[in-house]
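# Per-entry structural report
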There are 2 protein chains.
Amino acid sequence: MALQETAGEGAGPFPFDAATAEPAQLRRLFRSGAWRGTTANMANGYTQGNLAILPQEHALDFARYCQRNPAPCPLIGMSDTGDPRIPDLGADLDIRTDLPSYNIYRDGRIEGSATDILEFWRDDSVAFVLGCSLSFEEALMQAGVPLRHIETGRTTPMYRTSIETVPAGPFGGGMVVSMRPMPARDAIRASAVTARFPHTHGMPVHLGDPAAIGIADIDSPDWGESVPIHAGEIPVFWACGVTPQNAIRQAGIPLVLTHTPGSMLISDIPSSVC
Amino acid sequence: MALQETAGEGAGPFPFDAATAEPAQLRRLFRSGAWRGTTANMANGYTQGNLAILPQEHALDFARYCQRNPAPCPLIGMSDTGDPRIPDLGADLDIRTDLPSYNIYRDGRIEGSATDILEFWRDDSVAFVLGCSLSFEEALMQAGVPLRHIETGRTTPMYRTSIETVPAGPFGGGMVVSMRPMPARDAIRASAVTARFPHTHGMPVHLGDPAAIGIADIDSPDWGESVPIHAGEIPVFWACGVTPQNAIRQAGIPLVLTHTPGSMLISDIPSSVC
């Protein structure tokens, strides 16, 4: 079981260029357990997703939570109960093995991580896949909008906010947002570009004054790393996939399986699909 | 219990102009049972929706069916189990009374219709609301794309196709489409305009040759009325809300409650929301 933490060019177990590889090629490699690091900069042009596996008892409420909060919870795939396949996202996909790394939560607390979850998958398991921001960041960069956290080699800063999500059953709580600083002209273009990607969080939920959405100190993110905001730049905030992760954790469900942060599901869906 | 069939200007029980009325004003009137006809040309600028109420036992599969088939099944609201409110669609909304007319289906067969469903709503009922094409037709007309069925005072022609939906549990079957004939330049604009309305069926699923999607005779629609296609025009096809209605009927569920065709839920959501 390898424990690499970055996917440098030609690094580790990759007998091909991961950035231009086909999703199925990467999923097969992850299935072998040979890589448990990040999927950033892999299979460029394809949608990556967050994973949450819940018992059927809570699945209808979580489907409602996603329907009511599409910006932080853009649902792109849902398995049948007890069936680990999601053919819409990949013909050969087995959700139990095809991600680099999984986290196991019991009663809202992390128990550990693993390269597969074959032993944890149950007859009443339902897998949910939610689009993630890696895809819209690709689109922003193609549109010529530079991203500070990438330029500086950091993780996007993420913040708790005072924006409440619409609850469903045991799921609820505040929206978590990611922040990217940019000049006004880029904020305008970034809004227009990301509006075209509803399945990867869509357009910003806020721009400008952090206090307006309950962020007290922009230099102290709750997750990720702080990035500098230059003179003439404004912070632009997007709904973030940490929102449903928090909602699930706070619901205190006996067994929840997720991706390990950064180690996403790579789907066959092109990022440009509208 | 009134039985008007059309909503002419100033007709019947309307003490206001229905076209420019607020959604809540119309819902209150429907709640009183005073109108059981169409909601066409009412509350212009607001999203109207199809209704399907299923027992919780089948709700998760139907949520999956909608997620897997967003073009024919654009889910815009979902009630809690046994709770007739859907605040996202209207603060004061009671889904049991606020539509002009409901159909009651038992084991896939229609049993009758009623102006409210208070006696049929159960503790395990889950209401689903799906966006309908009335909203995107408004946008098309505003963009200067004329609609033949409106010009000729007919119901949109609808057809069974050879396009299979992605099944979920007992739900599946062929996609039903609506057809609007127009010249190529309008078909192009109509594609661009409706792509901005994913919650009301989105962009066309096909244009041109009807046989390519299994339609043998364009002059014999399976629902609605035939409309003339003039020289130089091509038929343009959109996914249609009859698709989930058929899927539900074929699933043979003991009790299903729906809107009566044409008598939709009028929501507080502006049609222009993207």
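Residues numbered from 1 in each chain as written. Chains lettered and ligands numbered in written order. Predicted model: local features only at pLDDT ≥ 70, side-chain atom pairs only at ≥ 80, totals over all residues. Heavy atoms only, no water.

### A closer look at the relation of the copies chain B and chain A
Applicable threshold: Only residues with pLDDT of at least 70 in both copies contribute their C-alpha atoms to the least-squares superposition of the copies. In this description, contact between two residues means that some pair of their heavy atoms is separated by no more than 4.5 Å.
You can overlay chain B on chain A at an RMSD of 0.0 Å; the transform is a turn of 180° with a shift of 0.0 Å along its axis. Such a combination of turn and shift is consistent with a two-fold rotation axis. Nearest to the rotation axis, the C-alpha of B:Leu60 is located 2.7 Å from it, this being the minimum over chain B. Most of the interface of chain B is mirrored in chain A: 100% of its interface residues are interface residues there too.

### Notes on the nonpolar core
Applicable threshold: Within this scheme, the nonpolar core is defined by two criteria: the residues are buried Ala, Val, Leu, Ile, Met, Phe, Trp, Tyr or Cys, and they are joined through side-chain atoms within 4.5 Å. Type-normalised accessible area, obtained with a 1.4 Å probe on protein chains alone, sets the label of each residue: buried when under 20%, exposed when over 50%, and partly exposed for intermediate values.
Counting 42 residues, the largest nonpolar core has A:Phe62, A:Phe128, B:Phe62 and B:Phe128 as the members making the most contacts within it. The contacts of A:Phe128, once residues within four sequence positions are left out, are A:Asn50, A:Leu51, A:Ala52, A:Leu54, A:Ala59, A:Phe62, A:Ala63, A:Leu75, A:Gly77 and A:Met78.

### Observations regarding the interface of chain B and chain A
Our working rule: What counts as buried area is the accessible surface, traced by a 1.4 Å probe, that two parts surrender upon association, with contributions from both included. One speaks of a salt bridge when a side-chain nitrogen belonging to Lys or Arg is within 4 Å of a carboxyl oxygen belonging to Asp or Glu. Think of a polar contact as two N or O atoms within 3.5 Å of one another; within protein, one of them needs to be a possible hydrogen donor and the other a possible acceptor, and neighboring residues in sequence only count if both atoms come from side chains. In this description a helix means any DSSP run of H or I spanning at least four residues, a strand means any run of E spanning at least two, and both kinds are numbered starting from the N terminus.
If you look at the interface, chain B gives 19 residues, while chain A gives 19 residues. Of the roughly 1600 Å² buried between chain B and chain A, counting both surfaces, carbon and sulfur atoms make up 52%. On the chain B side of the contact with chain A, B:Leu60, B:Gln67 and B:Met78 bury the most area, a combined 36% of that side's loss. Between chain B and chain A we count 4 salt bridges in total. Seen at the junction of chain B and chain A, the total is 10 residue pairs in polar contact (both at pLDDT 80 or more). Elements that contribute at least two residues to the side of chain B that touches chain A include exactly helix H2 (56–68) and strand S2 (75–78) of chain B. Among the elements that make up the side of chain B that touches chain A, the one with the highest residue count is H2(B) (7 residues).

### Observations concerning the pairing of strand S3 (residues 102–106) of chain A
All names here are of chain A. The criterion, for reference: DSSP calls a pair of strands paired once it identifies at least 2 bridges connecting them.
The element S3 is extensively covered by neighbouring structure, given that 4 of its 5 residues are classed as buried. When S3 meets strand S4 (residues 109–114), the two strands line up antiparallel, connected through 5 bridges. Bridge assignment links Tyr105 to a residue of S4, and that residue is Ile110. Hairpin remark: S3 followed by S4, antiparallel, with 2 residues in the connecting loop; positive phi at Asp107, about 50°. In terms of strand pairing, S3 meets strand S10 (residues 255–259) through 5 bridges, oriented antiparallel. Within S10, the residue paired with Tyr105 across the bridge is Val256.

### Let's talk about helix H5 (residues 184–195) of chain A
For clarity, the cut-off: By definition here, a helix of n residues has an expected span of 1.5 Å times n minus one.
Here H5(A) is 12 residues long and its end C-alpha atoms lie 17 Å apart, about the 16 Å a rise of 1.5 Å per residue gives. Tucked into the core, H5(A) has its buried residues touching helix H3 (134–142), strand S7 (174–183), strand S8 (206–207) and strand S9 (233–239) of chain A.

### Comments concerning the sheet that holds S8(A)
Residue and element names in this part refer to chain A. Put simply, the rule is: Lines are fitted to the C-alpha atoms to define the axes, a helix being fitted only along its stretch in contact, and any angle between axes, read from their N-to-C directions, falls within 0 to 180 degrees.
Pairing is antiparallel across the open sheet formed by 4 strands, whose spatial order is S6-S7-S9-S8. Every other strand in the sheet has two partners, leaving strand S6 (158–164) and S8 as the edge strands with one partner each. Bridge count between S8 and S9: 2 bridges; the pairing is antiparallel. Each bridged residue has a counterpart across the sheet, and for His206 the counterpart in S9 is Phe237. Along the sheet, helix H6 (residues 242–250) contacts S6 and S7; its crossing angle with S7, the most-contacted strand, is approximately 160°.

### A short note on the side chain of A:Asn69
Residues and elements named next belong to chain A. Here Asn69 lies in the loop between helix H2 (56–68) and strand S2 (75–78). With relative accessibility at 6%, the residue Asn69 sits in the buried group. What Asn69 contacts, discounting residues up to four positions off in sequence, is Thr165 and Val166.

### Regarding the pattern of salt bridges
According to the stated counting rule, one finds 30 salt bridges over all chains in the structure shown. Here A:Glu137 makes a salt bridge to A:Arg180, at a shortest N to O gap of 2.7 Å. Of the two residues, A:Glu137 is situated in helix H3 and A:Arg180 in strand S7; the sequence distance between them amounts to 43 residues. Here the two residues A:Glu137 and A:Arg180 agree in accessibility, since each one is buried. Between B:Asp83 and B:Arg85 there is a salt bridge whose closest N-O contact spans 2.9 Å. Because the salt bridges share partners, they merge into one network encompassing A:Arg27, A:Arg31, A:Asp92, A:Asp98 and A:Asp268.

### What about the packing of aromatic side chains?
Quick reminder of the rule: The rule is short: rings of Phe, Tyr and Trp, with Trp giving its six-membered ring, pair when the centres are within 6.5 Å, and they are stacked under 30 degrees, edge-to-face over 60, tilted in between.
Following the criterion strictly, the structure yields 16 aromatic pairs over all chains and no others. Aromatic side chains A:Phe14 and A:Trp35 sit 5.0 Å apart centroid to centroid with 70° between the ring planes, which places their arrangement in the edge-to-face category. Residue A:Phe14 is found in the segment before helix H1 (23–31), and its partner A:Trp35 is found in the loop between H1 and strand S1 (46–55); the two are separated by 21 residues along the sequence. Grouping residues by exposure puts A:Phe14 and A:Trp35 together as buried. Residues B:Phe14 and B:Phe16 carry aromatic rings whose centres are separated by 5.9 Å and whose planes lie at 80° to one another, so their mutual orientation is edge-to-face. This pair shows no difference in class: B:Phe14 is buried, exactly as B:Phe16 is. An aromatic cluster of at least three residues, connected via ring pairs, comprises A:Phe62, A:Tyr65, A:Phe128 and A:Phe171.

### A short note on the packing of helix H3 (residues 134–142) of chain B against helix H5 (residues 184–195) of chain B
Residues and elements named next belong to chain B. Quick reminder of the rule: Our angle categories are set so that under 35 degrees counts as roughly parallel, over 145 as roughly antiparallel, 65 to 115 as roughly perpendicular, and the remainder as oblique. Left-handed describes a crossing whose near helix is turned anticlockwise from the far helix by less than a right angle; the clockwise case is right-handed. Here the term charged refers only to Asp, Glu, Lys and Arg, the term nonpolar to Ala, Val, Leu, Ile, Met, Phe, Trp, Tyr, Cys and Pro, and the term polar to all other amino acids, Gly among them.
Between H3 and H5, the least distance of the axes is 10 Å, while the angle of their chain directions is 130°. It follows from the interaxial angle that H3 and H5 lie oblique. Crossing geometry of H3 relative to H5 is assigned as right-handed. Where H3 abuts H5, its residues Phe136, Ala139 and Leu140 lie against Ala190, Val193 and Thr194. For the contact of H3 with H5, the per-class residue count stands at 5 nonpolar, 1 polar and no charged.

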